[in-house]
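Letter by letter, the chains look like this.
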Amino acid sequence: MRMTGLELSKAYYEAYGRSMIHNQFPEYEKYAAVGLVGEGSECLGFDDEISEDHDFGPGFCIWLPEEIYRAIGSQMHQAYENLPKTFEGKHRMETFEGQGRVGVFNLNEFYKKYIGCPGVPKTNVQWMLIPESSLCTALNGKVFEDPLGEFTEIRNELLKFYPKDIFLKKLVARMAVMSQAGQYNYERCMKRGEFAAAYMACGEFVQSASSAVYLLNRKYMPFYKWMFRGMNELPLLGRSVKERLERLILLSDIPENTAQKVNLIEDICIEIRQELNRQEIVRGTDNFLQNHCYEVMNSISDVQIRNLPIIYDCK
């Protein structure tokens, strides 16, 4: 059976990494968090044989607190670089873009790279500006060891998901785009023969509907390449909405498919509206999602966030 990227990473650490840290940096062992988190399909657990042609292979991350990193980060990174390059028949082939995904990191700088903060955001505005996919990248994978617990403490706080007001604001933006691009503009574009515009409207709808499903599951959505794959793991609406979205995408934007695509869009909106009711986010049963947006906006406590345009969001 094929060893997954995460399994390979942990086995490589246990074979070489743990002893390297223990033997060469014994006084700093208690500060070193180790795992595999960040960019790459293996961090999401989605890797396969195709993934192995680039930026894949034995490797792991070591995260050190800032002051410890300043003291011995470069020496530990050199020791890491001296570890065997081949393990279990796999050799890490890095592209220029894939460099720096494994090795030794300043703990705070690692989080700052992906979410713009050295740790948990302190304000709603900071939370608002972090794209879902960036949080997903910073929080995927696995932590193998963390004796100090600092890396995991930040990770666990971020995994609690967006604060309520930010969750609601992002959700209302998805509802607005779904109704505008899908329920309203798609059919109008098709009637006018604006097939390219209809294609774009459908794409906007698919992206926003997918994000809405992730939000309703309190999960950060990965970037587009793995967006659909990840929906398989979402217990609320994941598989049913994914199946409809895939059918929607695979139907060409030609006049004879218009009614079928409009019906699929409406069915997806109904599913999401029903889940919004179930979670008591909206009370009404109107299937046109735009008509629920102000109800959700008015439930936001933070005045600064509540006063943003309905459609505003940093994806």
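Rules behind the numbers
- Residues numbered from 1 in each chain as written.
- Predicted model: local features only at pLDDT ≥ 70, side-chain atom pairs only at ≥ 80, totals over all residues.
- Heavy atoms only, no water.
- Core = buried A, V, L, I, M, F, W, Y, C linked by side-chain atoms within 4.5 Å.
- Buried < 20%, exposed > 50% of the residue type's maximum accessible area, 1.4 Å probe, protein only.
- Helix = DSSP H or I, 4+ residues; strand = E, 2+ residues; numbered from the N terminus.
- Contact = heavy atoms within 4.5 Å.
- Expected span 1.5 Å × (residues − 1).
- Pairing = 2+ DSSP bridges.
- Axes fitted to C-alpha atoms, helices over the stretch in contact; angles between N-to-C directions.
- 1 Å grid on protein atoms, 1.4 Å probe; cavity = no way out; pocket = protein on both sides within 12 Å on 5 of 7 lines; lining within 4 Å.
- Points joined across faces, edges and corners; volume = space filled by probe spheres on them.
- Nonpolar A, V, L, I, M, F, W, Y, C, P; charged D, E, K, R; others polar.
- Polar contact = N/O pair within 3.5 Å; in protein donor to acceptor, adjacent residues only side chain to side chain.
- Left-handed = near helix turned anticlockwise from the far one by under 90°.

Q: Looking at this model, I keep getting lost on the nonpolar core. Mind explaining?
A: Ranked by size, the top nonpolar core spans 96 residues in total, and within it Ile 62, Leu 245 and Ile 272 carry the most contacts. Element by element, the count of residues in this core is highest for helix α8 (residues 164-192), at 11 residues. For Ile 272, the residues in contact, after removing those within four places along its chain, are Met 178, Ala 209, Ala 212, Val 213, Leu 216 and Leu 237.

Q: In this structure, what is going on with helix α9 (residues 195-216)? I would like to understand it.
A: Each full turn of the α-helix corresponds to 3.6 residues, which orients residues three or four apart in the same direction. Relative to the 32 Å expected for 22 residues at 1.5 Å per residue, α9 spans 31 Å between its end C-alpha atoms, a close match to the ideal helical length. Phi turns positive one or two residues past the end of α9, at Arg 218, with a value near 55°.

Q: What is the right way to look at the sheet that holds strand β2 (residues 61-64) in this model?
A: Sheet strands pair by backbone hydrogen bonding; their relative direction is either parallel or antiparallel. Read across the open sheet, the four strands follow the order β5-β2-β1-β6; overall the sheet is mixed. At either end of the open sheet lies a strand with only one pairing partner, and these are β5 (103-106) and β6 (142-145). Adjacent strand axes in the sheet meet at a mean angle of 35° when their direction is disregarded. Across three bridges, the pairing between strand β1 (residues 33-36) and β6 is antiparallel. If you follow Leu 36 over to β6, its bridge partner there is Lys 142.

Q: What am I meant to see in empty space enclosed by the protein here?
A: Vacant regions in the atomic arrangement are exposed by a probe of water-molecule size rolled over the atoms. Counted under the stated rule, the structure contains two cavities of 30 Å³ or more. The space that makes up the largest cavity amounts to roughly 50 Å³. If you add up the space inside the second largest cavity, you get close to 30 Å³. Of the residues that constitute the lining of the second largest cavity, the class distribution is four nonpolar, one polar and four charged.

Q: What is the right way to look at the side chain of Ser 179 in this model?
A: Note on placement: Ser 179 falls in helix α8. Since its relative accessible area comes to 1%, Ser 179 is described here as buried. Here Ala 176 takes part through its backbone oxygen, which lies 2.9 Å from a polar atom of the side chain of Ser 179. Look past the residues within four positions of Ser 179 in its chain and what remains in contact with it is Tyr 184, Phe 288, Leu 289 and Gln 290.

Q: I'm lost on the layout of surface pockets in this one. Help?
A: One number sums up the size of the largest pocket: a volume of about 520 Å³. As for the largest pocket, its lining consists of 24 residues, and the residues nearest its centre are Gly 40, Ser 41, Phe 223, Lys 225 and Trp 226. Grouping the amino acids of the lining of the largest pocket by side-chain chemistry returns six nonpolar, 10 polar and eight charged. Its boundaries defined by the atoms lining it, the second largest pocket holds a volume of some 410 Å³. Lining the second largest pocket we find 18 residues, and of these Leu 44, Cys 136, Lys 219, Tyr 220 and Glu 233 sit closest to its centre.

Q: Help me understand the environment of Phe 223, please; the structure alone is not making it clear to me.
A: One can find Phe 223 in the loop between α9 and α10 (224-231). Through-space distance from the C-alpha of Phe 223 to that of Arg 244 is 20 Å; in sequence the pair is 21 residues apart.

Q: How should the packing of helix α6 (residues 132-139) against helix α7 (residues 150-159) be read in this particular structure?
A: Contact geometry of α6 with α7 gives a least axis separation of 10 Å together with a crossing angle of 145°. For α6 against α7, the interelement crossing comes out left-handed. Touching Leu 135, Ala 138 and Leu 139 of α6 are Arg 155, Leu 158 and Leu 159, all from α7.

Q: Would you take a moment to explain the pairing of β2 for this structure?
A: Side chains on a regular strand alternate between the two faces of the sheet. Because side chains alternate across β2, one face comprises the buried residues Cys 61 and Trp 63, and the other comprises Ile 62 and Leu 64, equally buried. Strand direction decides the pairing type here: β1 and β2, joined by three bridges, are antiparallel. By the bridge assignment, Ala 33 is partnered in β2 with Trp 63. Relative to β5, β2 is paired through four bridges, and the arrangement is parallel. Looking at the pairing, Leu 64 lines up with Asn 106 of β5.

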